[in-house]
Amino acid sequence: MTEQGIGAAIARREDRRFVTGQGHYTDDINRMGQTYAVFVRSPHAHAIINSISMDAAKGMPGVRDIFIGKDLADGGVGPLICGWAITDVNGEPHKAPPHPALAMGKVRHVGDPVAVVIADTQHQAMDAAAKVDVDYSVLDAAADLATAQGSNVQIHEEAPGNLCYEWEIGDKAAIDAAFDSAAHVTELEFLNNRLVPNAMEPRACVAEYDGGTGDYTLYLTSQNPHVHRLVMSAFNGLAPEHKLRVVAPDVGGGFGSKIFVYAEEVVLTWACRHVGRPIKWTAERSESFVTDAHGRDHVTKAELALDADGLFLAMRVNTMANMGAYLSTFASAVPTYLYATLLAGQYTTGGIYANVKAVFTNTVPVDAYRGAGRPEAAYVVERLVEAAAAETGRDPADLRKRNFVQKDAFPYQTPVVMQYDCGDFHGSMEQALALIGYTGFAGRKEASRADGKLRGIGFSSYIEACGIAPSAAVGSLGAGVGLWESANIRFNPTGNVQLFTGCHSHGQGHETAYAQIVADKLGVPYEQVDVIHGDTARIPFGMGTYGSRSAAVGGSAILKAADKVIEKGKKIAAHCLEASEDDIEFSAGNFTVTGTDKAMNIAEVAFTAYVPHNYPDGVEPGLDETAFYDPLNFSFPAGTHICEVEIDPDTGAVSIEKYAAVDDFGTLINPLIVEGQIHGGIAQGVGQAVLESAVYDGDGQLVSGSYMDYTMPRADDLPHYDVGFNSVPSPLNPLGVKGCGEAGAIAAPAAVMNAVHNALRDMGVNHVEMPATPQRVWEAIQGAQGAAE
Amino acid sequence: MYNFEYKKAGSVAEAASIIGADADAKLVAGGMTYIPTLKQRLAAPTTVVDMNGLGDLAGISVAGDTVTIGAMTRHAAVACSADVAAAIPALADLAGHIGDPQVRNRGTIGGSIANNDPAADYPAGLVGLGATVKTNRREVGADDFFIDMFETALEQDEIVTSVSFPKPVKAAYMKFPNPASRYAITGVFVAQAHDGVRVAVTGAGPCVFRVAAMEAALSSNWSADAVADISVSADGLNEDIHASAEYRAHLITVMAKRAVAKAG
């Protein structure tokens, strides 16, 4: 490890501009002659659009034009798509009702856009939008996941009973038989609460058309600008790929919500040519609540069968997953291949059957949100295991250890598709037990009791699949894209380096971590490496950042490109040093002739490549190498998180008192960044467990539609984290990395809720849903006490 | 935000004449409620009269057993005032737990009580201490000032200029915050005030109210146990996704106990 190479815990170089207000976000971009878009949105969850009257609005000051769904359809704009085809239990494709960018005929959720007003100023557009008169016939809404399927409310003609698909994995008959032979069956039913992503920067876009060249430029808040360009070209038909440039500048958080192709981006790109002016749209925060794809939202019944020795025989899971009113870009994959394939957890469970019903409701579409399916899976597995331990009188750590995949059993094929490459589940558990001070828990519990508080401890031994993803594998499961990544290492004649990556940083610290990889591998000073991302006109085609893929896939592409640089550099060095290429070694930035002191620095090689006065025959000038990397498998970060909570029985308030996290992320490129990712992920997981919830009423109105009612985690809600690492480098990628961005959000909900249930067990409470708000906990205690009396 | 006339008030009299002549003209003090309301286009005033230039309205003075706080005094100034901390520590404590640091450094006592948000903290402090609200026209006792949700005794052209708090024997405030907004789901201010025991509840109902049964119990026995078995009816209390009326009613007793214990 060098001071600034792989493994160095250096501060993020990008943070200086972020914390000093010098970042450049989409809303900071202003183009000559720019106009402003305001969307007219449905106030109803479900309604027929009888008519849209625009006459008054069109006469308002500054109004350039107003468009509705028919204008887009007449203009050949294709509907928004879902890019992952699920085959249902009958071998049929999932129901994919049309999703026009502006609603036609019917609105299906509060916030569904009906029209767009383009005016010279933001306020003129707002004033005119208020004058667009939409006549609705309000219909009954199906807003509740548990009752939407088969209700009388028909959201899409194409999806009878509001069922998008019923999907299954595993041999149901064999699993049923295993349950019949079980010594003990643990059964739980619970929700996985719906979350609003709440990126700090709201979504925004600026679309511009150059009549001279016929080129479109779209600046937007995207985690994957090339994916946006591909979908908008191939499916929405807005412009051919070579005539559409998509730029995602600094992006202030995504958490998945900025992966997807949204109506506003499609509408603006189409409209800017018709208006003849650049158009900007920036979401109001209240608009973000009802337009950003939400996360989670499952209702699950889960069962675990154990034998008399506590070994896991089988698992049976039935889940209803809320799709919202329309299928978002990757929605169909989240509760299937990103969920059920992780139900083995860290255990040697004999067999697994999962049945998933994806249901349309009159709510905002649901799609990937930090963890995407894997937090839901970890919650199922870890809640079941903890409950099984309590029910059978076993220590929860011991029961887990008894069922862990052993360290020498890798590669390990689970019953649900995945093959784990490596890991050390026991080691992480032992380290976490030491970090939390497990042996001291009884004393801490007693001290809490003396203070009138209930203390509980909860475990979460999670696993996830990251490094998304081997293209052929995901293709066989229905993905419409490949999930490789690209990197281009460009030396300049003076020896410094620009790295162009197809991944995208929206808070992850790529500019630092990727520069560390290049510096380490090529021996170039860290300060002389810049990382460029987020512009389809500058970077090679890339698939973007999500699924904790940037290190395992994007980082591996960088290594491959670096290998090509070294390979070419050896040819140049061999010529200049008058040696055979086979005798050239490369180390720490220097090409040397084996057994001699003859050497040439890589900066000199770069200069020679661009000023090839004395140059080998048959070698191209320049030192500029591109590589594409398609992973061999997913990577499998795993670990054990242990949480201790204290509950005030008088108010029901839950306080997170201690939190220990031990994770195996493989090789750590920058431990400081990794620790930050863990902190942030746990914060969001704690948020899901005790704070956050997107609540709809029966009419489909989002009740928690602002920060007055949607509880974001704050610093004083969160504990000190004791973080440890138990790294087992992955053998399946050249860096040995596994990915760390989602782990905290995946592990924490189960750890916190297991601790809550542990604390409340003495009160006779055995069920509390997330978020475990003070009222909910208090009511559970009241209910248990009422039942006991 | 809709267009409106902006007027910086040169005096209380000038501000009063503007709002007296135009029912759609509004005062803004700290703007912690009103500016977000304007930004969301939930209000369309003709004129907004900015009170922030009126330095005479800001300040804290102690005379004898009375603490007087000017209407434009920021919450942070009350929270950090050595004089308030010495005379009525419970009031400094209350002010120090309103909102967050940004809110405390903008929000004012006059703006807060004139708005009379049912979940605001100051109404409990005023009623709990038996304070007197001074306006440009008169003095109003706290018990008569707060009428109903977002409604006070203020006339159209009436402006709060200061609030006078008589020093209590002892007092304390405990609130259970809304986890999202951090407003009070239920806040209880208890005091052995200048005119007897007072128990004032904010957040739980449409408007701050006193709990006579608790006041009577505490008058004869100032202890947490004295209120432990006194429950307040849930009828008419607020309900939202964070707290049912029953939960709020329960919290009144819990917070009252804790406030008495805190007061010592």
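Residues numbered from 1 in each chain as written. Chains lettered and ligands numbered in written order. Predicted model: local features only at pLDDT ≥ 70, side-chain atom pairs only at ≥ 80, totals over all residues. Heavy atoms only, no water.

1. Re the overall build of chain A
Selection rule: Helix numbers and strand numbers start at the N terminus; a helix is a DSSP run of H or I with at least 4 residues, a strand a run of E with at least 2. This radius of gyration counts C-alpha atoms alone. The globule rule is 2.2 Å times how many residues there are, raised to the power 0.38. Relative accessibility thresholds used throughout: buried, under 20% of the residue-type maximum; exposed, over 50%; partly exposed, between the two (1.4 Å probe, protein chains only). In what follows, residue pairs with any heavy atoms lying within 4.5 Å of each other are defined as contacts.
Along the backbone of chain A there are 20 helices and 28 strands. The C-alpha radius of gyration computed for chain A amounts to 27 Å, which stays within 12% of the reference 28 Å derived for 789 residues, consistent with globular compactness. The C-alpha extent of chain A, read off along each of the three principal axes, is 95 × 75 × 50 Å. Considering chain A as a whole, with its 789 residues, one finds that 61% of them fall into the buried category. A separation of at least 24 residues holds for 80% of the contacts in chain A among residues at least 6 apart in sequence.

2. Concerning the sheet that holds strand β19 (residues 485-491) of chain A
Residue and element names in this part refer to chain A. What counts, and what does not: Paired strands, in this sense, are two strands between which DSSP finds at least two bridges. Working convention: axes come from line fits to C-alpha atoms, limited for helices to the stretch in contact. Angles between N-to-C directions cover 0 to 180 degrees.
Sheet architecture is open: four strands sit in the order β21-β20-β19-β25, paired in mixed fashion. The open sheet has two edge strands with one neighbour each: β21 (529-532) and β25 (624-629). Going across the sheet, the axis of each strand differs from the next one's by a mean of 15°, ignoring polarity. Across the sheet, helix α16 (residues 550-576) is in contact with β19, β20 (497-501) and β25; its angle to β25 comes to roughly 140°.

3. Things to note about the interface of chain A and chain B
Keep this limit in mind: Any carboxyl oxygen of Asp or Glu within 4 Å of a side-chain nitrogen of Lys or Arg constitutes a salt bridge here. Any pair of nitrogen or oxygen atoms within 3.5 Å is treated as a polar contact; in protein, a donor-acceptor pairing is required on top of that, and neighbouring residues in sequence qualify only through side-chain atoms on both sides. Under the scheme applied here, ten amino acids are nonpolar (Ala, Val, Leu, Ile, Met, Phe, Trp, Tyr, Cys and Pro), four are charged (Asp, Glu, Lys and Arg), and all others, including Gly, are polar.
Counting residues at the interface gives 22 residues for chain A and 21 residues for chain B. At the junction of chain A with chain B, the criterion picks out five salt bridges. Between aspartate 648 of chain A and arginine 258 of chain B there is a salt bridge; the shortest N-O distance is 2.8 Å. Applying the counting rule to chain A against chain B returns 12 residue pairs in polar contact (both at pLDDT 80 or more). Every element with two or more residues in the side of chain A that touches chain B is listed here: α4 (122-131) and α20 (774-788) of chain A. Counting residues per element, the side of chain A that touches chain B draws most heavily on α20 of chain A, at four residues. When grouped by side-chain class, the residues that make up the side of chain A that touches chain B number nine nonpolar, five polar and eight charged.

4. Here's the deal with the domain arrangement of chain A
All names here are of chain A. Which entries qualify depends on this criterion: Residue ranges assigned to the domains are those given by an automatic or database domain assignment. The term buried area means the drop in 1.4 Å probe accessible area that two parts suffer when joined, counted for both and summed.
Here the domain parsing of chain A yields domain 1 (18-139 + 201-252 + 258-291), domain 2 (298-468 + 633-788) and domain 3 (484-629). Of the residues lining the interface, 18 residues belong to domain 1; the matching set on domain 3 comes to 15 residues. Summing both partners gives a buried area of about 1300 Å² for domain 1 against domain 3, and 58% of it is carried by carbon and sulfur. It is Gln223, His226 and Arg245 in domain 1 that bury the most area against domain 3; as a group they hold 42% of the surface buried on that side. Our count for the contact surface shared by domain 1 and domain 3 stands at one salt bridge. Here aspartate 535 and arginine 245 are joined by a salt bridge, their closest N and O atoms 2.7 Å apart. One can count nine residue pairs in polar contact (both at pLDDT 80 or more) joining domain 1 with domain 3. Looking at the side of domain 1 that touches domain 3, the elements with two or more residues in it are α7 (225-234) and β11 (244-247).

5. Looking at the nonpolar core
Residue and element names in this part refer to chain A. The criterion, for reference: We define a nonpolar core as any set of buried Ala, Val, Leu, Ile, Met, Phe, Trp, Tyr and Cys residues linked to one another through side-chain atoms lying within 4.5 Å.
Judged by nonpolar contacts, the single largest core of 169 residues is most densely connected at Trp84, Leu343, Val645, Ile647, Tyr659, Val752 and Leu760. With 12 residues, helix α19 (residues 743-760) is the single largest residue contributor to this core. Not counting residues up to four positions away in its chain, the partners in contact with valine 645 are Leu454, Arg455, Gly456, Val654, Ser655, Ile656, Glu657, Val752, Ala755, Val756 and Ala759.

6. Side note on the packing of aromatic side chains
Residue and element names in this part refer to chain A. To keep it simple, the criterion reads: Two rings belonging to Phe, Tyr or Trp (six-membered ring only in the last case) form a pair when the distance between their centres is within 6.5 Å. Interplanar angles under 30 degrees mark stacking, angles over 60 mark edge-to-face geometry, and anything in between is tilted. Two thresholds decide whether a charge sits over a ring: the Lys NZ or Arg CZ must be within 6 Å of the ring centre and within 35 degrees of the ring normal.
By the definition in use, this model includes 26 aromatic pairs over all chains. Look at phenylalanine 665 and phenylalanine 725: their rings are 6.2 Å apart centre to centre, the planes differ by 55°, and that puts the pair in the tilted class. With a gap of 60 residues between them, phenylalanine 665 in the loop between β27 (654-664) and α18 (671-691) and phenylalanine 725 in strand β28 (residues 721-725) connect regions that are remote in the sequence. Chaining the aromatic ring pairs together yields one cluster made of Phe312, Tyr347, Phe404, Phe410 and Phe425. Between arginine 13 and the ring centre of tyrosine 526, over which it is positioned, the NZ or CZ distance is 4.2 Å.

7. Considering the environment of asparagine 758 of chain A
Among the structural elements, asparagine 758 of chain A can be located in helix α19. Sequence spacing of asparagine 758 of chain A and arginine 455 of chain A is 303 residues, and the spatial spacing of their C-alpha atoms is 7.8 Å.

8. Some details on the state of the cysteines
In a disulfide, the sulfur atoms of two cysteines are held together by a covalent bond. All names here are of chain A. The condition that has to hold: Defined by distance alone, a disulfide is two cysteine sulfur atoms within 2.5 Å.
The full count for this structure, using the stated rule, is zero disulfides over all chains. Counting only cysteine sulfurs, cysteine 740 is the nearest neighbor of cysteine 466, a cysteine outside any disulfide, at a range of 8.7 Å. When its relative accessible area of 0% is taken as the criterion, cysteine 466 is described as buried.

9. Brief notes about the domain arrangement of chain B
Looking at chain B, the domain boundaries give domain 1 (1-50) and domain 2 (170-263). Computed over C-alpha atoms only, the centres of domain 1 of chain B and domain 2 of chain B are separated by 34 Å.

10. Quick look at the sheet that holds strand β3 (residues 47-50) of chain B
All names here are of chain B. Taken together, the three strands give an open sheet; going across it, the order is β1-β3-β2, and neighbouring strands pair in parallel fashion. If you trace the sheet from one side to the other, it starts and ends with β1 (5-8) and β2 (26-28), each paired once. Taking the axes of each pair of neighbouring strands and ignoring which way they run, one obtains an average angle of 30° across the sheet. Pairing of β2 with β3 involves three bridges; the strand directions are parallel. Of the residues in β3, the one forming a bridge with valine 28 is aspartate 50.

11. Structural notes on the confidence of the model for chain B
Just so we agree on the cut-off: The predictor attaches a confidence to each residue, called pLDDT, with possible values from 0 through 100.
Counting all residues, the mean pLDDT for chain B is 97, and 100% of those residues have values of 70 or more. What the predictor reports for the complex is a pTM of 0.97 with an ipTM of 0.96.

12. Section: the pattern of salt bridges
Residues and elements named next belong to chain A. All chains considered together, the criterion is met by 55 salt bridges over all chains. With its nearest N and O atoms 2.7 Å apart, the salt bridge here joins aspartate 297 to arginine 194. Of this pair, aspartate 297 sits in the loop between α9 (285-291) and β13 (298-306) while arginine 194 sits in the loop between β8 (184-192) and β9 (204-210), placing them 103 residues apart in sequence. Side by side, aspartate 297 and arginine 194 carry an identical accessibility label, which is buried. Here arginine 203 and glutamate 265 are joined by a salt bridge, their closest N and O atoms 3.8 Å apart. Residue arginine 203 is found in the loop between β8 and β9, and its partner glutamate 265 is found in helix α8 (residues 263-275); the two are separated by 62 residues along the sequence. Note on arginine 203: relative accessible area 1%, which makes it buried. Take glutamate 265: its relative accessible area is 1%, and that puts it in the buried class. One salt-bridge network, in which partners are shared between bridges, spans Arg41, Arg203, Glu264, Glu265, Glu287 and Asp292.

13. Let's talk about the packing of helix α11 (residues 396-403) of chain A against helix α12 (residues 425-436) of chain A
Residue and element names in this part refer to chain A. Where we set the bar: Each angle gets one of four labels, with under 35 degrees taken as roughly parallel, over 145 as roughly antiparallel, 65 to 115 as roughly perpendicular, and the rest as oblique. Whether a crossing is left-handed or right-handed is set by the direction in which the near helix is turned from the far one by less than a right angle, anticlockwise for left-handed and clockwise for right-handed.
Two numbers describe how α11 lies on α12: the axes approach to 10 Å, and their chain directions differ by 165°. Judged by the angle between their axes, α11 and α12 are roughly antiparallel. Crossing hand, α11 versus α12: left-handed. Across the interface between the two elements, Ala397, Arg400 and Lys401 from α11 touch His426, Met429, Glu430 and Leu433 from α12. Taken together, the residues of the contact of α11 with α12 sort by class into three nonpolar, one polar and three charged.

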